[in-house]
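Reading the structure
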Amino acid sequence: MSSSSSSVSHLRALQDRAQTVADAYQKVQNEISTAVEASQRLNAQLSENELVQKEFAQLTPENVVYKLIGSALVKQDQVDARANVDKRLEFIRSEIKRFEQQLTGLKERSDKLQLELVEMQMAMQQQQGGPQAAPATVTA
């Protein structure tokens, strides 16, 4: 009877650990989703700013550049405007790179957690004396 109670407590411990891993997996999936959304916003900003940069390339020195501040258009020096757009593009590109690196790390963590979860499911099946079925996979 002692081995039966030991077996039940071991199974319960496996189930608790599996729940913890499943929760961590879900958290990582949410982080991936947030990072993907931020990356998409940055890519949209990149496109907009590259378009502005192309427009600047077509300006002559006589053209006047205005900047929208609140509801007012304020005259801005063309050189300053170009420099601001260049700095913004540099910043956006570095942020995109940062999010890509973050996504790579999150996906690696997700894969490890998914593998751990599958292994735990198999261990629980063995503990319950169930058939050696193919492991279930968790999809994002």
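Only a predicted model underlies this, so the values are computations on that prediction, with no experimental measurement involved.

Here the focus is the overall build of the chain. Looking only at helices and strands, the chain features two helices and two strands. Counting helices and strands in the order they occur from the N terminus, the chain gives α-β-β-α. The buried share of the chain, taken over its 140 residues, is 24%. With an accessible surface of roughly 10,000 Å², the chain has 53% of that area assigned to carbon and sulfur atoms.

Moving on: the pairing of strand E1 (residues 65-69). Bridging between E1 and strand E2 (residues 72-76) involves five bridges; their strand directions are antiparallel. Bridge assignment links Val65 to a residue of E2, and that residue is Gln76. Between the antiparallel neighbours E1 and E2 lie two residues, among them Gly70 with a positive phi of about 65 degrees.

Turning our attention to the UniProt feature "coiled-coil region" (unreviewed entry) in the chain. Annotation from UniProt places "coiled-coil region" (unreviewed entry) at residues 11-45 and 82-123. For residues 11-45, helix accounts for 100% and strand for 0%, while the C-alpha atoms at its two ends are 51 Å apart.

Once that is clear, we can look at the environment of Gln125. By the secondary structure assignment, Gln125 is in helix H2 (residues 78-128). Residue class for Gln125 comes out partly exposed when judged on its relative accessible area of 29%. Along the backbone, Gln125 and Leu11 are 114 residues apart, and their C-alpha atoms lie at a distance of 9.4 Å.

Moving on, we get to H2. Along its 51 residues, H2 runs 73 Å from first to last C-alpha, staying within 8% of the 75 Å computed at 1.5 Å per residue. Where H2 terminates, the next one or two residues include Gly129, which has phi positive at roughly 75 degrees.

A word on the pattern of salt bridges. All chains considered together, the criterion is met by four salt bridges. Glu31 is paired through a salt bridge with Arg109; the nearest N and O atoms lie 3.8 Å apart. Taken as a pair, Glu31 in helix H1 (residues 2-57) and Arg109 in helix H2 lie far apart in primary sequence, 78 residues in all. One salt bridge connects Glu50 with Arg93, and the closest N-O pair in it is separated by 3.1 Å.

All right, on to the packing of aromatic side chains then. Aromatic ring pairs are reported here in terms of the distance separating the ring centres and the angle at which the planes meet. In total, this model carries zero aromatic pairs according to the counting rule given. Cation over ring: Arg98 sits above Phe99, and NZ or CZ is 4.7 Å from the ring centre.

Quick look at the environment of Ser47 now. Tracing the backbone shows Ser47 in helix H1. Once the C-alpha coordinates of Ser47 and Leu89 are considered, the two residues, 42 residues apart in sequence, prove to be 9.4 Å apart.

Moving on, we get to the confidence of the model for the chain. The predicted model of the chain averages 90 in pLDDT, with 89% of residues at 70 or higher. Mean pLDDT in the chain bottoms out at H1, which sits at 91, and peaks at E2, which reaches 96.

What counts and what doesn't
- Residues numbered from 1 in each chain as written.
- Predicted model: local features only at pLDDT ≥ 70, side-chain atom pairs only at ≥ 80, totals over all residues.
- Heavy atoms only, no water.
- Helix = DSSP H or I, 4+ residues; strand = E, 2+ residues; numbered from the N terminus.
- Buried < 20%, exposed > 50% of the residue type's maximum accessible area, 1.4 Å probe, protein only.
- Areas by Shrake-Rupley, 256 points an atom, 1.4 Å probe, with all protein chains shown as cover.
- Pairing = 2+ DSSP bridges.
- UniProt positions renumbered as here; feature names shortened; annotations may be inferred.
- Expected span 1.5 Å × (residues − 1).
- Salt bridge = Lys/Arg side-chain N within 4 Å of Asp/Glu carboxyl O.
- Phe/Tyr/Trp six-rings, centres within 6.5 Å; stacked < 30°, edge-to-face > 60°.
- Lys NZ or Arg CZ within 6 Å of the ring centre and 35° of its normal.
- pLDDT = per-residue confidence, 0-100.

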